Amino acid sequence: MTTTAQIPLTISEPEKRSKRRGGWSRTLVSYSFLAPWLIGFLGLTLGPTLASLYLSFTNFDLLQDPQFIGLANYQRIVTNDVKFWHSMQVTFTYVILAVPLKLAFALGLAMVLNRGIAGLPLYRALFYLPSLLGASVAIAVLWRQLFAKDGLANVALGFFGIQGPSWISDPNYSLYTLVLLSVWQFGSPMIIFLAGLRQIPPDVYEAANIDGANKVQQFFKITLPLLTPVVFFNGIVQTIDAFKAFTPAFIISEGTGGPIDSTLFYTLYLYQEGFAYFRMGYASALAWILLIIIACFTAFSFLTSRYWVHYND
Amino acid sequence: MTDAAATTQNVGGARSLLYHVILCGVSLVMLYPLLWMLASSFKPDDEIFGNASLWPDSFTLDAYIRGWSGLTVSFGTFFWNSLVIAVLSVIGNVISCSLAAYAFARLKFPLKNFWFALMLGTLMLPYHVTLIPQYVLFLNLDWVNTFLPLVVPKFLAADAFFIFLLYQFFRGIPRELDEAAIIDGAGPWRIFWSVMLPLSVPALATAAIFTFIWTWDDFFGPLIYLNDASQYTVQLGLRTFVDSTGKSDWSALFAMSVVALIPVLLFFGVFQRLLIEGIATTGLKG
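Being a predicted model, the structure only gives us computed values, none of them experimental.

## Let's talk about the overall build of chain B
Reasoning step 1: Summing up its helical and strand segments, chain B has 15 helices and zero strands in all.
Reasoning step 2: Its C-alpha radius of gyration of 24 Å places chain B more than 25% over the 19 Å reference for a compact globule of 286 residues.
Reasoning step 3: The C-alpha extent of chain B, read off along each of the three principal axes, is 70 × 70 × 35 Å.
Reasoning step 4: The 286 residues of chain B split such that 51% are buried.
Reasoning step 5: A separation threshold of at least 6 residues defines the contact pool for chain B, and within that pool the share at least 24 residues apart is 71%.

## Comments concerning the packing of helix 2 (residues 23-55) of chain A against helix 14 (residues 280-308) of chain A
Residues and elements named next belong to chain A.
Reasoning step 1: At their nearest, the axes of helix 2 and helix 14 sit 8 Å apart, and the two run at 115 degrees to each other. Relative to helix 14, the element helix 2 is oriented roughly perpendicular. Crossing of helix 2 over helix 14 shows left-handed handedness. On the side of helix 2, the interface is formed by Thr49, Ser52, Leu53 and Leu55, while helix 14 contributes Gly281, Ser284 and Trp288.
Reasoning step 2: For the contact of helix 2 with helix 14, the residue count by class is three nonpolar, four polar and no charged.

## Things to note about the confidence of the model for chain A
All names here are of chain A.
Reasoning step 1: Chain-level statistics for chain A give a pLDDT mean of 86 and a share of 92% at 70 or above.
Reasoning step 2: The spread of mean pLDDT over the elements of chain A runs between helix 1 (residues 14-20), the lowest at 46, and helix 4 (residues 82-113), the highest at 94.
Reasoning step 3: Per-residue pLDDT stays below 50 along residues 1-19; that stretch engages in 16 contacts with residues further than four places along the chain or on separate chains.

## Let's talk about the domain arrangement of chain A
Reasoning step 1: Domain annotation of chain A identifies domain 1 (17-47) and domain 2 (76-308).
Reasoning step 2: For domain 1 of chain A and domain 2 of chain A, the distance between their C-alpha centroids amounts to 40 Å.

## What about the UniProt feature "transmembrane region" (unreviewed entry) in chain A?
Reasoning step 1: As recorded in UniProt, the sites labelled "transmembrane region" (unreviewed entry) are residues 28-55, 92-113, 125-143, 173-197 and 285-309 of chain A.
Reasoning step 2: Taken end to end, residues 285-309 of chain A comprises 96% helix and 0% strand; its first and last C-alpha atoms sit 34 Å apart.

## Brief notes about the packing of helix 4 of chain A against helix 9 (residues 187-198) of chain A
Residue and element names in this part refer to chain A.
Reasoning step 1: Across the interface, helix 4 lies against helix 9 with an axial gap of 8 Å and an inter-helix angle of 45 degrees. Taken together, the axis directions place helix 4 and helix 9 in an arrangement best described as oblique. The two elements helix 4 and helix 9 cross, and the hand of that crossing is right-handed. Together, Lys102, Leu103, Ala106, Leu107, Leu109, Ala110, Met111 and Leu113 of helix 4 and Pro189, Met190, Phe193, Leu194 and Leu197 of helix 9 make up the contact between the two elements.
Reasoning step 2: For the contact of helix 4 with helix 9, the per-class residue count stands at twelve nonpolar, no polar and one charged.

## A closer look at the nonpolar core
Reasoning step 1: In this structure, Trp37 of chain A together with Phe104 of chain B are the most contacted members of the largest nonpolar core, which totals 194 residues.
Reasoning step 2: Once residues within four sequence positions are removed from consideration, Phe104 of chain B is found in contact with Leu34 and Trp37 of chain A together with Phe109, Lys112, Trp115, Phe116, Met119, Ile163 and Tyr167 of chain B.

## What to know about the domain arrangement of chain B
Residues and elements named next belong to chain B.
Reasoning step 1: Per the domain assignment, the segments of chain B are domain 1 (3-62) and domain 2 (65-280).
Reasoning step 2: When each unit is reduced to the centre of its C-alpha atoms, the spacing between domain 1 and domain 2 is 32 Å.
Reasoning step 3: Contact with domain 1, which involves eleven residues of that partner, is made by eleven residues of domain 2.
Reasoning step 4: Between domain 1 and domain 2 the total buried area reaches about 920 Å² when both faces are included, carbon and sulfur atoms providing 68% of it.
Reasoning step 5: Looking only at domain 1, the three residues that lose the most surface to domain 2 are Met37, Asp45 and Asp62, adding up to 52% of its buried area.
Reasoning step 6: Across the domain 1-domain 2 interface, the total number found is one salt bridge.
Reasoning step 7: Here Arg66 ties to Asp62 by a salt bridge, and the two come within 3.4 Å at their closest N and O atoms.
Reasoning step 8: Joining domain 1 to domain 2, the criterion identifies three residue pairs in polar contact (both at pLDDT 80 or more).
Reasoning step 9: Elements with a contribution of two residues or more to the side of domain 1 that touches domain 2: helix 2 (13-40) and helix 3 (45-48).
Reasoning step 10: Tallying contributions element by element places helix 2 first for the side of domain 1 that touches domain 2, with four residues.

## Observations concerning the interface of chain A and chain B
Reasoning step 1: Contacts between the two partners involve 95 residues from chain A, matched on the other side by 98 residues from chain B.
Reasoning step 2: Interface of chain A and chain B: buried area, both sides summed, is about 9,000 Å²; carbon and sulfur atoms make up 77% of it.
Reasoning step 3: Counting the surface chain A buries against chain B, the share from its top three residues, Phe33, Trp37 and Leu44 of chain A, is 10%.
Reasoning step 4: Summed over the shared surface of chain A and chain B, the number is zero salt bridges.
Reasoning step 5: Where chain A packs against chain B, one counts eight residue pairs in polar contact (both at pLDDT 80 or more).
Reasoning step 6: Counting residues per element, the side of chain A that touches chain B draws most heavily on helix 2 of chain A, which supplies 22 residues.
Reasoning step 7: Across the side of chain A that touches chain B, the residue classes break down as 63 nonpolar, 21 polar and eleven charged.

## A closer look at the side chain of Ser131 of chain A
All names here are of chain A.
Reasoning step 1: Structurally, the position occupied by Ser131 is in helix 5 (residues 120-133).
Reasoning step 2: Judged by relative accessible area, Ser131 falls into the buried class, the value being 4%.
Reasoning step 3: Only 3.1 Å separates the side chain of Ser131 from the backbone nitrogen of Ser188, close enough to count as a polar contact.

## Observations concerning the layout of surface pockets
Any empty space left between the atoms is revealed when a probe the size of a water molecule rolls over them.
Reasoning step 1: Size it by volume and the second largest pocket reaches roughly 730 Å³.
Reasoning step 2: Along the walls of the second largest pocket sit 24 residues, with Trp143, Phe147 and Leu180 of chain A together with Val29 and Pro33 of chain B positioned nearest its centre.
Reasoning step 3: Of all the secondary-structure elements, those providing two or more residues to the lining of the second largest pocket are helix 6 (137-146), helix 7 (152-159) and helix 8 (174-184) of chain A together with helix 2 of chain B.
Reasoning step 4: If one sorts the elements of the lining of the second largest pocket by residue count, helix 2 of chain B sits on top with seven residues.
Reasoning step 5: Among the residues forming the lining of the second largest pocket, the class breakdown is 22 nonpolar, two polar and no charged.

## Overview of a nonpolar patch on the surface
Residue and element names in this part refer to chain B.
Reasoning step 1: A contiguous nonpolar surface patch, about 600 Å² in accessible area, is contributed by Trp80, Leu83, Val87, Leu88, Ile91, Ile95 and Phe155.
Reasoning step 2: Here the nonpolar patch gets six residues from one element, more than from any other, and that element is helix 5 (residues 75-106).
Reasoning step 3: Mapped onto the elements of the fold, Trp80 is located in helix 5.

What counts, and where the lines are drawn
- Residue positions within a chain follow its written sequence, with the count starting from 1.
- Numbering of ligands from 1 and lettering of chains from A proceed in the order in which they are written.
- Totals for whole chains, interfaces and linings use every residue, but because this is a predicted model, local features are given only for residues with pLDDT of at least 70 and side-chain atom pairs only at 80 or more, for both listing and counting.
- To get the side-chain values, all heavy atoms of the structure are used, and hydrogens and water are removed first.
- A helix here means a DSSP run of H or I that spans at least four residues, while a strand means a run of E at least two residues long, and both kinds are numbered starting from the N terminus.
- What the globule rule says is 2.2 Å times the number of residues to the power 0.38, and the radius of gyration is computed from C-alpha atoms.
- For each residue, the accessible area found with a 1.4 Å probe, counting protein chains only, is set against the maximum for its type, and the residue is called buried under 20%, exposed over 50%, and partly exposed in between.
- Should any heavy atoms of two residues lie within 4.5 Å, those residues are counted as being in contact.
- Here an angle of 0 to 180 degrees is reported between the N-to-C directions of two axes, which are lines fitted to C-alpha atoms, with helices fitted over the stretch in contact.
- Working rule for angles: under 35 degrees goes down as roughly parallel, over 145 as roughly antiparallel, 65 to 115 as roughly perpendicular, anything else as oblique.
- If you view the pair so one helix is near and one far, a crossing is left-handed when the near helix is turned anticlockwise from the far one by less than a right angle, and right-handed when it is turned clockwise.
- Each residue is assigned to one class: nonpolar for Ala, Val, Leu, Ile, Met, Phe, Trp, Tyr, Cys and Pro, charged for Asp, Glu, Lys and Arg, and polar for all the others, Gly among them.
- For every residue, the predictor states its confidence as a pLDDT score lying anywhere from 0 to 100.
- For each domain, the first and last residues come from an automatic or database assignment.
- UniProt positions are given in the numbering used here, feature names are shortened, and annotations may be inferred rather than shown by experiment.
- The set of buried Ala, Val, Leu, Ile, Met, Phe, Trp, Tyr and Cys residues whose side-chain atoms join them within 4.5 Å is what this entry labels a nonpolar core.
- Once two parts are put together, the accessible area they lose, assessed with a 1.4 Å probe and summed over both, is termed the buried area.
- Think of a salt bridge as a Lys or Arg side-chain nitrogen and an Asp or Glu carboxyl oxygen that are within 4 Å of each other.
- Any pair of N or O atoms that falls within 3.5 Å is considered a polar contact. Within protein, one atom must be able to donate a hydrogen and the other to accept it, and sequence-neighbouring residues count only if both atoms are side-chain atoms.
- A cavity here means a set of points on a 1 Å grid, drawn over the protein atoms and nothing else, where a 1.4 Å probe fits but cannot get out; a pocket is an open set with protein on both sides within 12 Å along at least five of seven lines, and a residue lines either one if it has an atom within 4 Å of a point.
- Grid points are joined across faces, edges and corners, and a volume is the space filled by probe spheres set on the points.
- Residues qualify for a patch when their relative accessible area is over 30% and they have no salt bridge, like charges being joined within 9 Å and the nonpolar side chains of Val, Leu, Ile, Met, Phe, Trp and Tyr within 5 Å.
- A 1.4 Å probe and the Shrake-Rupley method give the accessible areas. Residues count as covered only by the protein chains that appear here.

Here it is in structure tokens:
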């Protein structure tokens, strides 16, 4: 508590003492605040990141010491691994479908909620709930059941006289049930959109009304441009998140990524290589490829953002 | 609400009714699966499938009793394990992240910008990259199949996101308060403890609640580090239930799914406003 007060009292005048409090002791105090993070960063993040990079150039099965094999893992991944390309395809399909749909729902409902109608807090909470529950195993269990052959989805379709497929066990549809699960969780981007919409001053719309702009024009000329920073933010967060999706696919496919690898998300493939077959060097290389993809995506988004993201300053 | 009030004026009653219809429709479609799961957990097995009704014809608590006793280990054990891990994680995260956030927000020290940039960098790093070396590390420490790999990182501020959240919050606290405390002879520890923390209760609570919920729902960490059924968390217990019961005991599976969601739902019910504000202002993903 009193670290600074215990500094050696070699200088008699109190004013000087307080000036001298800087320097080493001050650094030491500052670093004592930083220490837990610093230890964690060095030991659990930086160290493992470097180790992972090294392991990605090795053959490593946990039992024996890693053997350095140069670029062989990467070479095999790119040229000779059907599952890698397949899981890439599954993951990209998922990202490309789930993220825009989710954001569209989020924005649409945020705009409806931004009308200042009664009951806003209730609707906001109801729409947000699935986002909060989404990551849990219970929801994946529920989803598996909803889209079973005799599940609720098909019962609902039955009302319209449609005989639905057995979604989860049909490789043509299984991935789309996961897309739907992701879209169902549009609540958290919706709340961020809502906060963004609140920032748009109403007089902009009043002026547009006077100029005779209709609602569609107002959306494309005012709302969307002013909201681009929020679209940008939500887009990046949701995309990175979608690349990392794991639990629902794992639970719904019982860890296999099936049927016929139709839900073999990249992270699921990585998990299988690392923790089912103990090819840990290979899995490390897969992890680095994921890192590179995410980094490229992020860099690309930031670079192109200057052409379409408008900051109001 | 006030911003939107201007737009509301020309939206007539019919218009607003239409919006309510849309919103109620969407809410119903979204929440129906959850309600159906809840209802199914009170139904006997043969009544669940091909039945969309929310009201059980014959109401029974059987599924809860069967499910709770579990396969080899009681669900009570899973529940306790999850609770221990989640509570320790909350304590760890709140302490370690607030310490680091205070250092970054308020103290001056050599290399500060360097460390800060690295901290921000870890926000982008997918955990898959550190996964395998961390596993090897914990295996060599003989920590696998204990709670340590799940809990210790929280005491080392491994969730940089919360550092950032608290950093933003601390920065918003007027500097005059620190300066007044310094004049009164307080050092950084005293300022941290008596000025910053009391003023940051909403941010600390947000971090604590999200830590609890995310840890409670975490599946991947326990999947990798816990092998022994007596160590399993609720999520792992639920998963073994799915795999081994297959298609036979759906009502028990639903009942335990409901049980697994209860803590999260409780937190949501109580802190809903705080959680939503946390998302709106910080972009927590939730």
